[in-house]
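# Examining the three-dimensional arrangement
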Amino acid sequence: MPTDPAGSSAADIDAIGGIVASCPGVASLSAAARSYLPGRTVPGVSVDTDRVDVFVVAQYQDPLTRVTEQLAEALAEVLAGRALYVHIEDIVMPGEQVLDPAG
Amino acid sequence: MTSAVSANKTPALGSDSTGSALETTETVLVTTHGKTSIADVVVEKIAGLAAREITGVYKLGGGGGSRAFGAIREKIPGGGSGLTAGVEVEVGARQTAVDLDIVVEYGVEIGELTKAIRRNVISAIERMTTLEVTEVNIVVHDVHVPNQDSDEPVDSRVE
């Protein structure tokens, strides 16, 4: 996978995935999309030179636009100017049993 | 982003080979910090919870083979969820319409009940997603009468 000036390297992808997964409004990364790396994949993250897409399963608490704001703040540094697109693929409702999230 | 949404649309069952999330029907809400896309299932779950919370709603769904209310979806392994039974949504960029299929408790004043359901569904969706709810259509397809449950065990004549 070619590297590029924006640094869509494994470290970049892993860093984004880690930050997103630890965001309070996020239950887990979603398997709706993933990044492909040698020997493994990182679910819920897709990076490009000018944009980063993250795919999440949200918690049922704060408004979902607030989740995007939280992610934008947490990711500000690692985004390095790239546009952020947050995809809320699913939501965990109160009392809902959480199935195996992004594999 | 897909355009037309029909009542019989096939729901996305997970990532396809390209991992493209753009094949699901999504909303895109522009906030100052980034763009938010919300999958249909999210709006459905929120609407479903808001409807079931109302006292007098016995359950959602079970509307007898109506494809529009997820009867097909629920039979697909991993593709259905009890939380979206009886709920169909049509989601646009800024608005959404909700269709509910419910069973009411016997003795409930259905007019007041549906008003309460609409209030709660609209409030929950607008709070969580900022989508404007243009309509909440409700079909009452059955009444639950206690002591006449079909799910009570029946002695079978044969073994």
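First, a word on what this report is: a plain description of the structure on this page. Please read these numbers as outputs of a predicted model, since none were measured by experiment.

## Quick look at the overall build of chain A
- Counting its secondary structure elements, chain A contains two helices and six strands.
- Secondary structure elements in chain A, listed N-terminal to C-terminal, are α-β-β-β-β-β-α-β.
- Taking all 103 residues of chain A together, the buried fraction comes to 43%.
- Across chain A, contacts joining residues at least 24 apart in sequence account for 71% of those joining residues at least 6 apart.

## Some points on the environment of Val98(B)
Residue and element names in this part refer to chain B.
- Mapped onto the elements of the fold, Val 98 is located in strand E5 (residues 95-105).
- Residues Val 98 and Gly 34 lie 64 residues apart in sequence; the distance between their C-alpha atoms is 26 Å.
- Val 98 has contacts with Ala 47, Val 89, Val 121, Val 133 and Val 136, leaving out every residue within four places of it along the chain.

## Observations regarding the pairing of strand E2 (residues 34-37) of chain A
Residues and elements named next belong to chain A.
- Looking at chain direction, E2 and strand E3 (residues 40-43) are connected through four bridges and run antiparallel. Note on E3: the bridge partner recorded for Ser 35 is Val 42.
- Turn length for the E2-E3 hairpin, with the two strands adjacent in sequence and antiparallel, is two residues, and the turn residue Gly 39 shows positive phi of about 80 degrees.

## Thoughts on the packing of helix H1 (residues 10-21) of chain A against helix H2 (residues 64-79) of chain A
Residue and element names in this part refer to chain A.
- Close contact between H1 and H2 brings their axes to 10 Å; oriented N to C, the two are set at 160 degrees. Comparing the axis directions of H1 and H2 gives the class roughly antiparallel. Crossing of H1 over H2 shows right-handed handedness. Contact residues: Asp 12, Ala 15, Ile 16, Ile 19 and Val 20 in H1; Leu 71, Ala 74, Leu 75 and Val 78 in H2.
- When grouped by side-chain class, the residues that make up the contact of H1 with H2 number eight nonpolar, no polar and one charged.

## Notes on H2(A)
All names here are of chain A.
- Of all the bends found along H2, the most pronounced is centred on Glu 73 and spans about 40 degrees.
- Listed in full, the buried residues belonging to H2 are Leu 64, Thr 65, Val 67, Thr 68, Leu 71, Leu 75 and Leu 79.
- In the stretch just after H2, Ala 80 is the one whose phi turns positive, near 55 degrees.

## Concerning the packing of helix H1 (residues 40-52) of chain B against helix H2 (residues 110-129) of chain B
Residues and elements named next belong to chain B.
- Interhelical geometry of H1 versus H2 gives an angle of 145 degrees and a closest axis separation of 8 Å. Seen along the crossing, H1 lies across H2 with a hand that is right-handed. Across from Val 43, Ile 46, Ala 47, Ala 50 and Ala 51 in H1, the residues of H2 making contact are Ile 117, Asn 120, Val 121, Ala 124, Ile 125, Met 128 and Thr 129.
- Tallied by class, residues from the contact of H1 with H2 come to 10 nonpolar, two polar and no charged.

## Regarding the nonpolar core
- One finds Val56(A), Ala47(B), Ala51(B), Val121(B) and Ile125(B) to be the most contacted residues of the largest nonpolar core, which totals 58 residues.
- Counting residues per element, this core draws most heavily on H1(B), which supplies eight residues.
- Those residues within four positions of Ala51(B) in sequence are excluded, and the remaining contacts are Val57(B), Leu60(B), Leu100(B), Ile102(B), Ile117(B) and Val121(B).

## What to know about the environment of Ala85(B)
- With respect to the helices, strands and loops of the structure, Ala85(B) is situated in the loop between strand E3 (57-60) and strand E4 (87-91).
- When the C-alpha atoms of Ala85(B) and Leu60(B) are compared, they prove to be 6.0 Å apart, with 25 residues separating the residues in sequence.

Parameters and conventions
- Throughout, residues of each chain are indexed from 1 in the direction in which the sequence is written.
- Chains carry letters from A onward and ligands carry numbers from 1 onward, assigned in written order.
- Where totals are concerned, whole chains, interfaces and linings use all residues; where local detail is concerned, this predicted model gives features only for residues with pLDDT of at least 70, and gives and counts side-chain atom pairs only at 80 or more.
- The numbering of helices and of strands both runs from the N terminus, where a helix is a DSSP run of H or I of at least 4 residues and a strand a run of E of at least 2.
- Put plainly, a residue is buried at 20 or more neighbouring C-beta atoms within 10 Å of its own, exposed at 12 or fewer, and partly exposed in between, counting only other residues' C-beta atoms, which are placed from the backbone.
- Two residues form a contact once the distance between their C-beta atoms, set from the backbone, is within 7 Å.
- Two strands make a pair as long as DSSP finds a minimum of two bridges between them.
- Fitted lines through C-alpha atoms serve as axes, helices being fitted only where they are in contact, and the angles separating the N-to-C directions of these axes extend from 0 to 180 degrees.
- The scheme is simple: roughly parallel for angles under 35 degrees, roughly antiparallel for over 145, roughly perpendicular for 65 to 115, oblique for anything else.
- We call a crossing left-handed when the near helix sits turned anticlockwise from the far one by less than a right angle, and right-handed when that turn is clockwise.
- Residues were grouped as follows: Ala, Val, Leu, Ile, Met, Phe, Trp, Tyr, Cys and Pro as nonpolar; Asp, Glu, Lys and Arg as charged; and all remaining residues, including Gly, as polar.
- Take the seven residues that end at a residue and the seven that start at it, fit an axis to each, and the angle between those axes is the bend at that residue.
- In plain words, the nonpolar core is the set of buried Ala, Val, Leu, Ile, Met, Phe, Trp, Tyr and Cys residues that C-beta atoms within 7 Å link up.

Nothing here speaks to function; it is all geometry.
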